[in-house]
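For reference, the chains in residue letters:
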Amino acid sequence: MIWKISMHEISMLALVLMSSLCGVIGISKIKTGVMDVIEWELFNLVSSTMVFTVILDWVSLLFMSFVFLISGSVLFYSGSYMADDKTHNRFMYLVLAFVLSMSLMVLSPNLISILLGWDGLGLVSYALVIYYSNEKSANAGMLTILSNRVGDVAILLSIGLMSSLGSWNFFFYSYYLDEDWLLLKVFLMISAMTKSAQIPFSAWLPAAMAAPTPVSALVHSSTLVTAGVYLMIRFSAALEGSLVQSWLLIISCLTMFMAGLGANFEYDLKKIIALSTLSQLGVMLSILSLGYADLAFFHLLSHALFKALLFMCAGVVIHSVGGYQDIRFMGNLVKFMPLTVSYMTISNLALCGFPFMAGFYSKDMILEVAFMSSINFVALMLYIMATGLTVMYTMRLIFYSISGEYNLSSMSNLSDEDYMMTNSMSGLGFGAIMGGACLSWVLFPECYMICLSLFMKMMVIMVSVLGGLVGYMLNMMSVNFTLKSLSNYGMIAFMGSMWFMPALSTLKLSESSLNSGKYMEKVLDKGWFEFYGGQGLNYLFSNLFYILNSMHLNSVKVFMKVAVITMIVFMVAAF
């Protein structure tokens, strides 16, 4: 028990110290503009040098600082959340292995050495998703790892294409990759899309909610899902003026809109937050495809703070209400869990881009820069609708879980008395309030020049207010009026099921092969193969031995007949 209690505390202290160290060094590198690159040459292969590379610049160090901070908070939080679990230590080691894989991925600007972290993330995330050994976890884990394997194959193909350059160090070569390298850029885009769950690989992100909630707070805020965005940030120079930019823009905008739409029809608390993560990943990749990698990185860091906090608040709520996640069975939590609800409200407001919260500084700037860019009308409308939908599902979540009617069972034990969980959320709560302002001061000492009309400038706040009102009022109506959605059930099912993507990613991909396998089993394995195989031979030899046995058991007359027939045959053959 002493080791079980102390492990999360030691891990938290070590990770927070490393976070502080990385943060201080990263900020100093912003001021000085210095970048350190460490290379270990492994061997030469046909004029290509195989090296293991580590890059220490302000981007990697600041990202590592946030990863360590959130990992330390999550591990300390897990000390209470997973306290009754029999394999508590195994869980802690898996989380630490996940952090190590993320560190290798972030610090490596080389496609060869990045594979250590990239594949490590996929493998450990699979082990964490199937941590609760049941059928739902196994299915979610298989969907997660197979979706990510597509990206791993794309990385391997990119390594093959880059071999002609003589090096796999994309940090130095990305400035010189023109349209002749379009296939390489497409493969890298596919690998980023699989890790960051963009269309058509979006189904695995909500499915991965089968993992324990501390894993969700770590994986779906600052680690696994942001790996693809981070890779695209590193490759952003190669995307300039490329066709890949246009493809990535429309895919990320559609993902952003689809996730916001699906979250408004979802009732699982963790899946709503996962879909909000998916929407924000679309925001990051869309602004990156417009050429603003620094804004994508800014939103990546600020989003990590409040989204980890939101998952941790959801974990406390799920822990308190008895383990179920349906928001329809919650309600009026503000009277019973004021501190947790306060943190949850802070993170929800930051997600909506409420003025002067962490999400406001990055999200508002992204939207204004996007409105100022030369994007087409479809992308503009998707941006506007996704912004409104974000506020809408947030207000819906607040209505059902925080401010609505009390719908909990009598067995629920609601309180804020678990100090280990609430204390672990305090640092992230401060980050969700002040993190955006501090980051904007550090990353953007010189302001962006925004030149918009008054209508476009007010567009974001108008859409947000309208989305919030509609989201809250619609759910009040759903309590007092008959359900209208059943009259158009097909459209509602399409919008609420992520455009049928989970079914298309699982059943439809395997349906033809499963049906053909069933037919083969019926016709061949249990049909003709049996007729001409085991059963048929058994029938043939059984009849043959029956005849021979009858011959042996009968009288001498049978043997005489056989002898006469044999002699006649020989005589005919002789003449």
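Residues numbered from 1 in each chain as written. Predicted model: local features only at pLDDT ≥ 70, side-chain atom pairs only at ≥ 80, totals over all residues. Heavy atoms only, no water.

As recorded in an unreviewed UniProt entry, the protein goes by NADH-ubiquinone oxidoreductase chain 5 and comes from Portunus pelagicus. Per UniProt, the protein carries the Sequence similarities (unreviewed entry) text "Belongs to the complex I subunit 5 family." (UniProt positions renumbered as here; feature names shortened; annotations may be inferred.)

A. Geometry of the packing of helix α7 (residues 182-195) against helix α12 (residues 243-263). As a packed pair, α7 and α12 sit with axes 10 Å apart at the nearest point and diverge in direction by 20°. Classed by the angle they form, the pair α7 and α12 counts as roughly parallel. As α7 packs across α12, the resulting crossing turns out to be right-handed. Between α7, through Leu-182, Lys-185, Val-186, Met-189 and Met-193, and α12, the contact on the second element is made entirely by Leu-243, Val-244, Trp-247, Leu-248 and Ile-251. A breakdown of the residues in the contact of α7 with α12 according to their chemical character gives nine nonpolar, no polar and one charged. (Axes fitted to C-alpha atoms, helices over the stretch in contact; angles between N-to-C directions. Helix = DSSP H or I, 4+ residues; strand = E, 2+ residues; numbered from the N terminus. Parallel < 35°, antiparallel > 145°, perpendicular 65-115°, else oblique. Left-handed = near helix turned anticlockwise from the far one by under 90°. Contact = heavy atoms within 4.5 Å. Nonpolar A, V, L, I, M, F, W, Y, C, P; charged D, E, K, R; others polar.)

B. Focus on the nonpolar core. Core analysis: the largest hydrophobic core is formed by 172 residues, its most contacted members being Phe-63, Met-105, Leu-111, Leu-269 and Tyr-383. Considering every element that reaches this core, the biggest residue donor is helix α14 (residues 293-321), with 21 residues. Among all residues touching Leu-111, those that are not within four sequence positions of it are Ile-155, Ser-158, Ile-159, Met-162, Trp-168, Phe-170 and Leu-188. (Core = buried A, V, L, I, M, F, W, Y, C linked by side-chain atoms within 4.5 Å. Buried < 20%, exposed > 50% of the residue type's maximum accessible area, 1.4 Å probe, protein only.)

C. Quick look at the UniProt feature "domain: NADH:quinone oxidoreductase/Mrp antiporter transmembrane" (unreviewed entry) in the protein. Under the UniProt annotation, "domain: NADH:quinone oxidoreductase/Mrp antiporter transmembrane" (unreviewed entry) lies at residues 108-386. A distance of 33 Å separates the end C-alpha atoms of residues 108-386, which is 71% helix and 0% strand.

D. Local environment of the pattern of salt bridges. Enumeration over the complete set of coordinates arrives at six salt bridges. Linking Arg-149 and Asp-119 is a salt bridge whose minimum nitrogen-to-oxygen distance equals 3.6 Å. Of this pair, Arg-149 sits in helix α5 (residues 135-162) while Asp-119 sits in helix α4 (residues 114-129), placing them 30 residues apart in sequence. Arg-149 sits in the partly exposed class, given a relative accessible area of 39%. Looking at Asp-119, the relative accessible area reads 29%, which means it is partly exposed. Through salt bridges with shared partners, one network takes in Asp-119, Arg-149 and Asp-152. (Salt bridge = Lys/Arg side-chain N within 4 Å of Asp/Glu carboxyl O.)

E. How the structure looks around the environment of Met-193. Among the secondary structure elements, Met-193 is positioned in helix α7. Judged by its relative accessible area of 4%, Met-193 falls in the buried class.

F. Molecular detail of α7. Its 14 residues give α7 an end-to-end C-alpha distance of 20 Å, which sits within 8% of 20 Å, the value for a rise of 1.5 Å per residue. Among the 14 residues that make up α7, eleven are buried, leaving the element largely enclosed by the rest of the structure. Leu-184, Lys-185, Val-186, Phe-187, Leu-188, Met-189, Ser-191, Ala-192, Met-193, Thr-194 and Lys-195 are the residues of α7 that are buried. Buried residues along α7 sit against α4, α5, α8 (204-207), α10 (224-234), α11 (236-239) and α12. Phi for Ala-197, located one or two positions after α7, is positive at around 60°. (Expected span 1.5 Å × (residues − 1).)

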